[in-house]
Amino acid sequence: MAQINFGGVKENVVTREEFPLAKALEVLKNETIAVIGYGVQGPGQALNLKDNGFNVIVGQRRGSKTWDKAVADGWIPGETLFDIEEAARRGTIIQYLLSDAGQIAVWPTIQKHLTPGKALYFSHGFGITYKDRTGIIPPADVDVILIAPKGSGTSLRRMFLQGRGLNSSYAIFQDATGKAWDRVIALGIGVGSGYLFETTFQREVYSDLTGERGTLMGAIQGIFAAQYDTLREHGHTPSEAFNETVEELTQSLMPLIAENGMDWMYANCSTTAQRGALDWWKKFRDAAKPVFDELYGQVSCGNEAQRSIDSNSRPDYREKLEKELQTMRESEMWQAGAVVRKLRPENN
């Protein structure tokens, strides 16, 4: 394990050079990895593990669309694909990758198959951090570990197939066997992580919930909508407003930031753009900081978790979700986006 200094803050990281795939395979050679859930993270993690040579099975509800997806992805019913309870019984490492609401609902089934020495694996700290609300309290004689890829399962799989890695955090909540560290790092390498950085279940969920509601999804949609509406109110066309708000950012500038950082992106824009951005970014920071402070407070006190549990557990949750997504999809901004995407050269 290496230690990296980030401006005076030291962090523990593990790279694929110091913990290669061959070592990961040796660590887990006698393990059966049961991936429970085949929705957001399940497919990418399960397929990457299988392609890397690990012994993997999938547990999913029979007759569901995700069961059919697993079959289409090559998992064989009765051999590598089972119902949830049978997979949990067979697995020595149970990767619990259902949604947060799904984890709560299925927990009694999983709990009875957590026999001594097994490992319970999460990709989100929600169930354990808010265990008083979720009821997910593992027995003391199993390892409880976490690998949280910093992106969707789709991105994890896509980057794996490109020979790249998506960075992940790792955490150990409970080391009952004395092997939890080796197990969690081996799994992190196995699912296709670029490098692994240390965290805790609590820090992972606090940062994750803040990020999803903030710059990753909620804040970015809010900023997009505010700028687009301002441009439209001043007479700019939908195409012009969308291109200046979304298209240029996602297609041109974000790749530059990803390559070498924000300062490098600034240096590769016009001097007029540089001057304006340097003059205005602190105003946006100062305007947004109170919102982020409020958001983090709601996450850390558990209110955001409870709202998610209450909302996502309702029988009509998916119907209401689709209506909200439909409203966004049918807004003028994203209708303009659909047209602009079709006009990209690669689509013609």
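Quick summary incoming for the structure in this document. (Residues numbered from 1 in each chain as written. Predicted model: local features only at pLDDT ≥ 70, side-chain atom pairs only at ≥ 80, totals over all residues. Heavy atoms only, no water.)

1. What about the overall build of the protein?
Then, in step 1: A tally of regular secondary structure across the protein gives 17 helices and ten strands.
Then, in step 2: Its C-alpha atoms give the protein a radius of gyration of 22 Å, near enough to 20 Å, the size a compact globule of 348 residues would have.
Then, in step 3: Overall, the protein is about 65 × 50 × 45 Å in size when its C-alpha atoms are taken along their principal axes.
Then, in step 4: With 348 residues in all, the protein has 39% of them scored as buried.
Then, in step 5: Within the protein, residue pairs in contact and separated by at least 24 positions form 67% of the contacts whose partners lie at least 6 positions apart.
Then, in step 6: In the structure as shown, the protein presents an accessible area of about 18600 Å², 54% of it carried by carbon and sulfur atoms.
Then, in step 7: A distance of 3 Å separates the average location of the 38 positive side-chain charges in the protein from that of its 43 negative side-chain charges. (Helix = DSSP H or I, 4+ residues; strand = E, 2+ residues; numbered from the N terminus. Rg over C-alpha atoms; globule rule 2.2 N^0.38 Å. Buried < 20%, exposed > 50% of the residue type's maximum accessible area, 1.4 Å probe, protein only. Contact = heavy atoms within 4.5 Å. Areas by Shrake-Rupley, 256 points an atom, 1.4 Å probe, with all protein chains shown as cover. Lys, Arg positive; Asp, Glu negative; His and termini not counted. Charge placed at Lys NZ, Arg CZ, Asp CG, Glu CD.)

2. So, the side chain of Arg183
Then, in step 1: As for its position among the elements, Arg183 is in helix H9 (residues 180-190).
Then, in step 2: By relative accessible area, Arg183 is classed as buried at 3%.
Then, in step 3: A distance of 2.9 Å separates a polar atom in the side chain of Arg183 from a polar atom in the side chain of Glu31.
Then, in step 4: Leave out the neighbours within four places in its chain, and Arg183 touches Val27, Leu28, Glu31, Thr92, Ile93, Gly117, Lys118, Ala119, Asp143, Ile145 and Thr177. (Polar contact = N/O pair within 3.5 Å; in protein donor to acceptor, adjacent residues only side chain to side chain.)

3. A closer look at the packing of aromatic side chains
Then, in step 1: Evaluated as defined, the whole model comprises eleven aromatic pairs.
Then, in step 2: Taken together, a centroid distance of 5.2 Å and an interplanar angle of 65° make the contact between Phe126 and Tyr130 edge-to-face.
Then, in step 3: Taking the centre distance of 6.2 Å and the plane angle of 55° together, the rings of Tyr195 and Phe197 count as tilted.
Then, in step 4: For Tyr195, a relative accessible area of 29% translates into the label partly exposed.
Then, in step 5: You can call Phe197 partly exposed: its relative accessible area is 21%.
Then, in step 6: Members of the aromatic cluster, joined through ring pairs, are Tyr96, Trp107, Phe122, Phe173 and Phe201.
Then, in step 7: Here the guanidinium or amino end of Lys283 rests over the ring plane of Trp280, the centre of that ring lying 4.3 Å away. (Phe/Tyr/Trp six-rings, centres within 6.5 Å; stacked < 30°, edge-to-face > 60°. Lys NZ or Arg CZ within 6 Å of the ring centre and 35° of its normal.)

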